[in-house]
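Residues per chain, in single letters:
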Amino acid sequence: MFDFLVSMESSFYVQVAIFLVLVIYNFHLARQLPNPLSLGFEIFKNVIMIIIFIYFSLSWSTVVNPSLRTASILGMFIINLFLAWHVLLNRVEIPYQVALKSCIEKPRDINNYK
C-alpha cells in the first residue's frame, strides 16, 4: 500500500496536476495584491517556475536514462514545494498588505488602526 502511494505521488502526471493547481491559485492570489510591484514580482516568479517546470517535463518525456527521469520528477516536486510555500506566504501577507495600503492612503482615519 505504501509503495503504491509513493509511486503515485512521484508520478509525472500527479506532479503536473499539482503544478497547474498551484500556478493558477498563485496567479489568483497575485491579482489580489494591492502593491503593483509585488504583483510584478509574483508574476515574474511564476513565469520562471513555469519555464523550469517545462524544462523538467520535456527532459522527462525524452528517451533518457530512467535515473534522469527520476531526477526530473524530483525537480518537479521541489518546484511544487516552492510554489506551495509561496501560496501560503501570499495567503498570510495579503491582509497585512491591504491594511498597510489603507493606512498609507488615509493616515488620519482612526478606523484603519482598529
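Residues numbered from 1 in each chain as written. Predicted model: local features only at pLDDT ≥ 70, side-chain atom pairs only at ≥ 80, totals over all residues. Heavy atoms only, no water.

### Things to note about the side chain of K45
Residue placement: K45 occurs in helix 3 (residues 36–61). Apart from the residues within four sequence positions on either side, K45 is in contact with N26, F82, L83 and H86. (Helix = DSSP H or I, 4+ residues; strand = E, 2+ residues; numbered from the N terminus. Contact = heavy atoms within 4.5 Å.)

### Considering helix 2 (residues 12–31)
For helix 2, which comprises 20 residues, the first-to-last C-alpha distance of 29 Å matches the rise-based estimate of 28 Å (1.5 Å per residue) to within 8%. Listed as buried for helix 2 are F12, Q15, F19, L22, V23, N26, L29 and A30. For helix 2, the buried positions fall inside an angular range of 130 degrees around the axis, keeping them on one side. Residues of helix 2 that are exposed and angled more than 90 degrees away from the buried face: Y13, V21, I24 and R31. (Expected span 1.5 Å × (residues − 1). Buried < 20%, exposed > 50% of the residue type's maximum accessible area, 1.4 Å probe, protein only. Arc of directions from axis to C-beta.)

### Examining helix 3
When the terminal C-alpha atoms of helix 3 are compared, their 37 Å separation across 26 residues agrees well with the 38 Å that a helix rising 1.5 Å per residue should span. By the burial criterion, the buried members of helix 3 are S38, E42, K45, N46, M49, F53, S57 and W60.

### Things to note about the nonpolar core
Core analysis: the largest hydrophobic core is formed by 15 residues, its most contacted members being F12, F19, F53, W60, M76, I79 and L83. Sorting elements by how many residues they give to this core places helix 4 (residues 66–105) first, with six residues. Setting aside chain neighbours within four positions, we find F53 in contact with Q15, V16, F19, M76, I79 and N80. (Core = buried A, V, L, I, M, F, W, Y, C linked by side-chain atoms within 4.5 Å.)

### Here's the deal with the packing of aromatic side chains
Scanning the entire structure with this criterion turns up three aromatic pairs. Between F12 and Y13, the ring centres sit 5.3 Å apart and the planes meet at 75 degrees, which makes this aromatic pair edge-to-face. On the accessibility criterion, Y13 (60% relative accessible area) is exposed. Between Y55 and F56, the aromatic rings sit 5.9 Å apart at their centres with planes inclined by 55 degrees, giving tilted as the arrangement. Relative accessible area serves as the criterion here: at 56%, Y55 is assigned to the exposed category. (Phe/Tyr/Trp six-rings, centres within 6.5 Å; stacked < 30°, edge-to-face > 60°.)

### A closer look at the pattern of salt bridges
On inspection of all chains with the given rule, the structure shows one salt bridge. Where K45 meets E42, a salt bridge forms, and the shortest distance between an N and an O atom there is 3.4 Å. A residue pair is termed a helical-turn pair when its members lie 3 or 4 positions apart in one helix, as K45 and E42 do in helix 3 at three residues. With a relative accessible area of 11%, E42 lands in the buried category. (Salt bridge = Lys/Arg side-chain N within 4 Å of Asp/Glu carboxyl O.)

### Observations concerning the confidence of the model for the protein chain
Do not read the fine detail of predicted coordinates wherever pLDDT is low. Overall, the predicted model of the protein chain reaches an average pLDDT of 81, with 85% of residues at or above 70. By mean pLDDT, the top-scoring element of the protein chain is helix 2 (89), and the lowest-scoring one is helix 1 (residues 2–9) (55). (pLDDT = per-residue confidence, 0-100.)

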